[in-house]
Each structure stands twice: as C-alpha cells, then as structure tokens.
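One letter stands for each residue in the lines below.
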Amino acid sequence: MKAGKARGHFREILHGQQCVYPASVFDPISARLAQDAGFEVGMFAGSTAAMSVLAAPDLIVLTLTELAEQARRICRASSLPVLVDADHGYGGVLNVRRTVEELENAGIAALTIEDTLLPAPFGASGKAALIPVEEGVAKMRAALSARTDPALAVIGRTSAPQITDMRDTLLRARAYEAAGVDGVFLVGVKSWEQLAEIRAAIKIPVLLGNAGAPLMDRERLAGFGVPICLQGHQSMAAVVQALRSTYRALRDGVELPAGSLAPPLLMQQASRAALYEEWLAPPGG
C-alpha cells in the first residue's frame, strides 16, 4: 500500500507540468529529513550507496543485495517516492530482471537502468564507454518485463551526452523510448540547444543529471518537459564534512561551534520519538 502510493505520486510528478529537484538520500535518516524538508522525490544513487554502505568509491563494488537492502531501509523510514540508480542492472539481461525484482520488493517508486559499460574494464583509466545500443535496448526490455507492478517506473539512462555525441544520444533516446521505458535519464546535457534537440526527438519525459549550470532553471525546464533535474549529491558531502569536523574537535577536546549539533527536539522529531512513546503507552492510558 505504501509503495503503491509512492509510485502513484512519482508518476504524477513524471507526467506533471512542473520540474522538481530530488533530494539525494542514502540512508533512512537522510530520507526522513528530506521528506520533512518538503522534497517530493528522493534519489538513491549508486555513488552514495557505495559510500554509505561500504565507504567505497562509485566503482561497482557494491552488490545488488546490499543496494536492495539499503533501499528497503530507506523506503521503510519515509513515504518519500524513491528513484534508485540501479546502474547497469548488475550484469546482463538476466541480472537486470533480478535487479528489478529485488528493488520492486524493496518498495521503491522508480529505477534507472543505464547503458554504461560497467564495471570499467581493466586498463580503462577512468575513461567511460557505452555498451552497444542493441544491448541497451535488451536491458530496457528485460527491466520492463520483470516488473510485476506496472506503476513502478522504469527509466532508461544514458551518459551519451558526455561520452559520445548528440547523434548517439538521440539514437539511444529514441531506441529506449521505442522499447517502452517510462522516461529517459540523460547525464551531461549542457545547453538549452541540446535539450531542445532531444525534446524534438522523443515524447516521453526527460530527466537530467549532471546538467550544465545554465540549465538550472526549473520553470524553463518544466516547459521543456523535464519533470526531474538532479542537482548532485551535496548531502553526502555535507555529512562527510560535518562528521570529519566534529570528530576532530571531539578528539582534540575543542568546544563545538554553536549550532553545529542538532538540538534534542530535532533528534526526537527525526527519530519519531513521540510515536514510540505512544506505542508504549498502556491502552486507555
């Protein structure tokens, strides 16, 4: 029931007339705080998943099981519709099916499957590459056929704008639209001209990540049919910086700056302490 409501809300946003910035969430408390802050969508990315679960970089060392378990914890703690970056589906088409099954059961609202060649081959030296578009289409079809709840949104993702060129970007976007995905998540679009060319090529919603600074205009993006534009993962960076500063101060016996700690009331609100007290109260008490 909870997942169904979140999926319905995500689809309303996906096909709505506005553009929203999703909150980058990575654990239960971050998702809950994002919800309390008024965000309408949360995004659980592969990079923040690797950092929060393994304290590792975004190099596909996280397993599907670990990703799905963390996604389940996030969905349990909030009613925020969560879009999960499922990377390449953790393997071939059969692995993509398993990925969709596990994440759907975890309660997420939507997921992206990308066409990046992952994990990076030995000797790639940080240079990203894409799989053939035919293989990308096969992965999209596998993801679509694996879901049991049609409300779960399956978004095709490609980094072609920053890896290859616009011709390849349009080829992949059209192919994934034809495969039946609910939207296309494009990484690396840098100009309104590029976006206009993409919107002229496909009719389904376009989601953006790592977009150029000139594109950070939600009203104009909405006019281009972009319902979601990811700003980045500043929340994880903020947490790492805050923890580092706090631990160093505590280690050295330095008094922490005023306002650097959440007050008790905020801690109680974030943990929903009042609900637990209510559940502990005797009936009729």
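This is a predicted model, so every value here is computed, not measured.

J.: Please explain the overall build of the protein as it appears in this structure.
T.: Helix and strand counts for the protein come out as 13 helices and eight strands. The buried share among the 285 residues of the protein stands at 46%. Taking as baseline every contact in the protein between residues at least 6 positions apart, the subset at least 24 positions apart corresponds to 69%. Working note: accessible area of the protein is about 14400 Å², and carbon and sulfur atoms make up 57% of it. With 27 positive and 29 negative side-chain charges, the protein shows a spacing of 1 Å between the two charge centroids.

J.: Is there a simple way to think about the sheet that holds strand E2 (residues 42-44) in this case?
T.: Backbone hydrogen bonds hold the strands of a sheet together, and the pairing may be parallel or antiparallel. With parallel pairing, eight strands are arranged side by side in an open sheet as E1-E2-E3-E4-E5-E6-E7-E8. Two strands bound the open sheet, and with one partner strand each, they are strand E1 (23-24) and strand E8 (228-229). When strand E6 (residues 183-187) meets strand E7 (residues 206-209), the two strands line up parallel, connected through four bridges. Counterpart to Phe185 in the pairing with E7 is Leu207. Helix H1 (residues 2-14) contacts strand E3 (82-85), strand E4 (110-114), strand E5 (153-158), E7 and E8 of the sheet and is inclined by roughly 50° relative to E5.

J.: How should I be thinking about the packing of helix H6 (residues 133-146) against helix H8 (residues 166-179) in this particular structure?
T.: The description of two helices packed together rests on the angle between their axes and the distance between the axes. Put simply, H6 and H8 touch, their axes get as near as 9 Å, and they point 30° apart. When the interaxial angle is binned, H6 and H8 end up roughly parallel. Of the two elements, H6 crosses H8, and the hand of that crossing is right-handed. The segment H6 lies against H8, with Val133, Gly136, Val137, Met140, Arg141 and Leu144 engaging Leu171, Arg172, Ala175, Tyr176 and Ala179. When grouped by side-chain class, the residues that make up the contact of H6 with H8 number eight nonpolar, one polar and two charged.

J.: I tried to follow the pairing of E4 on my own but got confused; where do I start?
T.: Regular strands show a simple pattern: their side chains alternate between the two faces of the sheet. Of all five residues that make up E4, five are buried, and the element is covered over most of its length. Burial of E4 is two-sided: the residues Ala110, Thr112 and Glu114 facing one way and the residues Leu111 and Ile113 facing the other way are all buried. Pairing geometry for E3 and E4, over three bridges, is parallel. Residue pairing in the sheet places Asp85 in a bridge with Thr112 of E4.

J.: I would appreciate a short explanation of helix H9 (residues 192-201) in the present structure.
T.: One turn of an α-helix holds 3.6 residues; hence residues three or four places apart share an orientation. By the burial criterion, the buried members of H9 are Trp192, Leu195, Ile198 and Arg199. Down the axis of H9, the buried side of the element spans an arc of 120°, and every buried residue falls inside it. More than 90 degrees from the buried face of H9, the exposed residues found are Glu193 and Ala200.

J.: What is the right way to look at the packing of helix H2 (residues 28-36) against helix H4 (residues 64-77) in this model?
T.: In the contact formed by H2 and H4, the axes pass within 8 Å of each other and the chain directions differ by 35°. You can see that H2 and H4 cross each other, and the crossing is right-handed. Between H2, through Pro28, Ala31 and Arg32, and H4, the contact on the second element is made entirely by Arg73, Ile74 and Ala77. Counted by class, the contact of H2 with H4 contains four nonpolar, no polar and two charged residues.

J.: Teacher, can you tell me more about the side chain of Arg11 here?
T.: Note on placement: Arg11 falls in helix H1. Within polar-contact distance, the side chain of Arg11 engages the backbone oxygen of Leu152 at 3.4 Å. The contact partners of Arg11, leaving out residues within four places of it in the chain, are Arg147, Pro150, Ala151, Leu152, Ala153 and Asp182.

J.: When you look at the packing of aromatic side chains in this model, what are you seeing that I'm missing?
T.: Given two aromatic rings, their pairing is described by the distance between the two centres and the angle made by the two planes. Enumeration according to the criterion identifies two aromatic pairs in this entry. Centre to centre, the rings of Trp192 and Phe224 are 5.3 Å apart; their planes meet at 35°, and the pair counts as tilted. Here the residue Trp192 occupies a position in helix H9, and Phe224 occupies one in the loop between helix H10 (218-223) and E8, the gap between them amounting to 32 residues. Classification of Trp192 as buried rests on a relative accessible area of 11%. Both rings, one in Tyr276 and one in Trp279, keep their centres 4.9 Å apart while their planes meet at 70°; by these two values the pair is edge-to-face. One end of the pair, Tyr276, and the other, Trp279, are both in helix H13 (residues 273-280), three residues apart, so they sit about a helical turn from each other. For Tyr276, a relative accessible area of 44% puts it in the partly exposed group. It is Arg220 that lies over the ring of Trp192; its NZ or CZ is 4.1 Å from the centre.

Conventions used here
- Residues numbered from 1 in each chain as written.
- Predicted model: local features only at pLDDT ≥ 70, side-chain atom pairs only at ≥ 80, totals over all residues.
- Heavy atoms only, no water.
- Helix = DSSP H or I, 4+ residues; strand = E, 2+ residues; numbered from the N terminus.
- Buried < 20%, exposed > 50% of the residue type's maximum accessible area, 1.4 Å probe, protein only.
- Contact = heavy atoms within 4.5 Å.
- Areas by Shrake-Rupley, 256 points an atom, 1.4 Å probe, with all protein chains shown as cover.
- Lys, Arg positive; Asp, Glu negative; His and termini not counted.
- Charge placed at Lys NZ, Arg CZ, Asp CG, Glu CD.
- Pairing = 2+ DSSP bridges.
- Axes fitted to C-alpha atoms, helices over the stretch in contact; angles between N-to-C directions.
- Parallel < 35°, antiparallel > 145°, perpendicular 65-115°, else oblique.
- Left-handed = near helix turned anticlockwise from the far one by under 90°.
- Nonpolar A, V, L, I, M, F, W, Y, C, P; charged D, E, K, R; others polar.
- Arc of directions from axis to C-beta.
- Polar contact = N/O pair within 3.5 Å; in protein donor to acceptor, adjacent residues only side chain to side chain.
- Phe/Tyr/Trp six-rings, centres within 6.5 Å; stacked < 30°, edge-to-face > 60°.
- Lys NZ or Arg CZ within 6 Å of the ring centre and 35° of its normal.

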